[in-house]
Amino acid sequence: MIYVENLKKEFKKVIKDPGLKGSIKALFHPKKEIITAVDDISFHVPKGEILGFIGPNGAGKSTVIKMLTGILTPTSGECRINGKIPQNDRQNYVKEIGVVFGQRTQLWWDLPLTETYSVLKEIYEVEESAFKKRMAFLNEVLELDDFIKSPVRTLSLGQRMRADIAASLLHSPKVLFLDEPTIGLDVVVKDNIRNAITKINAEENTTVILTTHDISDIELLCKRIVMIDKGKNVFDGDLHELKTKYGQMRELTFETDTRDVKNVLSYKEHFGFADDDFSIEADGSLVKIRFNSAVVPVSEMLSYTLQKISVKDMSVKEADIEEIIRRLYKQGV
Ligand SMILES: Nc1ncnc2c1ncn2[C@@H]1O[C@H](COP(=O)(O)OP(=O)(O)O)[C@@H](O)[C@H]1O
Ligand SMILES: [Mg+2]
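Residues numbered from 1 in each chain as written. Chains lettered and ligands numbered in written order. Predicted model: local features only at pLDDT ≥ 70, side-chain atom pairs only at ≥ 80, totals over all residues. Heavy atoms only, no water.

Draft legend 1. Up close: the overall build of the protein chain. In terms of regular secondary structure, the protein chain is built from 13 helices and 13 strands. Across its three principal directions, the C-alpha atoms of the protein chain cover 75 × 55 × 40 Å. Evaluated residue by residue, the protein chain yields a buried proportion of 47% over its 333 residues. For the protein chain, the computed accessible surface area is about 17,100 Å², with 50% contributed by carbon and sulfur atoms. Within the protein chain, the 50 negative side-chain charges are centred at a point lying 5 Å from the centre of the 47 positive side-chain charges. (Helix = DSSP H or I, 4+ residues; strand = E, 2+ residues; numbered from the N terminus. Buried < 20%, exposed > 50% of the residue type's maximum accessible area, 1.4 Å probe, protein only. Areas by Shrake-Rupley, 256 points an atom, 1.4 Å probe, with all protein chains shown as cover. Lys, Arg positive; Asp, Glu negative; His and termini not counted. Charge placed at Lys NZ, Arg CZ, Asp CG, Glu CD.)

Draft legend 2. Geometry of the pattern of salt bridges. Under the counting rule described, the total for this entry stands at 23 salt bridges. In this structure, the salt-bridge partner of K8 is D39, at a minimum N-O distance of 3.9 Å. Of the two residues, K8 is situated in strand 1 (residues 2–15) and D39 in strand 2 (residues 31–45); the sequence distance between them amounts to 31 residues. For K8, a relative accessible area of 26% puts it in the partly exposed group. Here D229 and K230 are joined by a salt bridge, their closest N and O atoms 3.7 Å apart. (Salt bridge = Lys/Arg side-chain N within 4 Å of Asp/Glu carboxyl O.)

Draft legend 3. Main features of the site of ligand 1. Near ligand 1, the surroundings consist of F11, A37, P56, N57, G58, A59, G60, K61, S62 and T63. Residue K61 places a side-chain N or O atom 2.8 Å away from an oxygen atom belonging to ligand 1. A distance of 2.5 Å is found between an oxygen atom of ligand 1 and a side-chain nitrogen or oxygen belonging to T63. Here ligand 1, which alone exposes 560 Å², has 62% of that area covered by the protein. A total of three residues in the shell around ligand 1 trace back to one element, the largest contributor, which is helix 2 (residues 61–68). When the residues that make up the shell around ligand 1 are grouped by side-chain class, the tally is four nonpolar, five polar and one charged. (Near = heavy atom within 4 Å. Polar contact = N/O pair within 3.5 Å; in protein donor to acceptor, adjacent residues only side chain to side chain. Nonpolar A, V, L, I, M, F, W, Y, C, P; charged D, E, K, R; others polar.)

Draft legend 4. Inspection of the layout of surface pockets at higher detail. Counted as a void, the largest pocket has a volume near 370 Å³. Looking at the lining of the largest pocket, the elements with two or more residues in it are strand 5 (97–101) and helix 4 (113–123). Looking at the lining of the largest pocket, its residues break down into 10 nonpolar, four polar and three charged. In this model, the second largest pocket occupies a volume close to 230 Å³. (1 Å grid on protein atoms, 1.4 Å probe; cavity = no way out; pocket = protein on both sides within 12 Å on 5 of 7 lines; lining within 4 Å. Points joined across faces, edges and corners; volume = space filled by probe spheres on them.)

Draft legend 5. Summary view of the sheet that holds strand 7 (residues 207–211). Taken in spatial order, the six strands line up as 5-6-7-3-8-9 in an open sheet, and their pairing is mixed. The open sheet is flanked by strand 5 and strand 9 (232–238), the only strands paired with a single partner. Between one strand axis and the next, the sheet turns by 15° as a mean value, whatever way the strands run. Its contacts with the sheet put helix 6 (residues 157–169) on strand 5 and strand 6 (175–179), and the angle it makes with strand 5 is roughly 160°. (Pairing = 2+ DSSP bridges. Axes fitted to C-alpha atoms, helices over the stretch in contact; angles between N-to-C directions. Contact = heavy atoms within 4.5 Å.)

Draft legend 6. Representation of the packing of helix 5 (residues 128–142) against helix 6. Packing of helix 5 against helix 6 leaves a shortest axis separation of 10 Å and a crossing angle of 150°. Of the possible angle classes, the one that applies to helix 5 and helix 6 is roughly antiparallel. Seen along the crossing, helix 5 lies across helix 6 with a hand that is right-handed. Residues R134, L138 and L142 of helix 5 form the contact with helix 6, whose participating residues are R162, I165, A166 and L169. (Parallel < 35°, antiparallel > 145°, perpendicular 65-115°, else oblique. Left-handed = near helix turned anticlockwise from the far one by under 90°.)

Draft legend 7. Seen up close, the pairing of strand 9. In the sheet, strand 8 (residues 224–229) pairs with strand 9 via six bridges, with the strands oriented antiparallel. In the strand pairing of strand 9, M227 is matched with F235. Joining the antiparallel neighbours strand 8 and strand 9 is a turn of two residues, in which K230 adopts a positive phi near 50°.

Draft legend 8. Layout of empty space enclosed by the protein. For the coordinates displayed, the defined rule picks out one cavity of 30 Å³ or more. Of the pockets and cavities examined, the largest cavity occupies roughly 50 Å³. Forming the boundary of the largest cavity are I15, K16, D17, G22, K25, A26, H29, P30 and K31.

This is the structure:
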């Protein structure tokens, strides 16, 4: 369905010396610097899959999405969606895809939503009966009723995002690109949006590429993830695989007397943990230790703890996916 092959994007940026003199110099003798935002990225997405496309800020995610949607042209490499190269036939291509950039809206600021949707209906050439049915469906899953007659500028962020997602789905696209659709939203709206994505995907077998910083989005929606960093592929596989491959982090929690501080602080030195393999947090008498069980087995951590510290309510659990990803980002793998 979606083929991304050795995709690369360079931006030329004019660099200028500071101050007015620098600005003038840059105007007449521009010094250019090349930024490689996307540096050889490849992945495939089969039809009907929801792919979590993740990576730290500045990794190149949005730039990839912009190339996939035809907004930007790749410097080299290729993307093909449903057999089409986005840049070659944008007019027809946009009828097959839906796009939402969470950071900005595609809706007309001063128009009521209903009118915006009517305009989109014309642009995408959706038939009247199909449009009515579609609106009823979107209304239901995204709960647009309360604000569908209001101008876009009066909507809250959560309402606007639901409205944007509805707009992107109006023409029943085969592929949906969502770039940070839950950014800045409260839990209720996030839930609503996740349910909508699940429903659309289940009912219409829509292929979805989802960029997000919210790990819950990924856990709830995506079986598979592609992770990139500095414009390069870092991981491609299912979430479960990521957990077993990198998921050796454990979290040891206990309560202790504050007099035990010295012993509590002795783990790192005693076991010789590297920075990435160990962290400790204390909140009053509650101590939380994250450690890499591939470096020191859980049993050893427990016995050391019991020997050295008088503890209450000790527990060990697997680190969650958020922890794993934070670690991966930090290491750059
Ligand atoms: N139009 C542009 N001109 C110059 N540099 C850009 C442009 N768009 C993005 N970049 C740079 O490319 C890199 C990747 O950006 P982006 O794709 O937005 O990352 P992400 O979405 O993963 O946070 C960043 O270093 C960013 O500053
Ligand atoms: Mg981005």
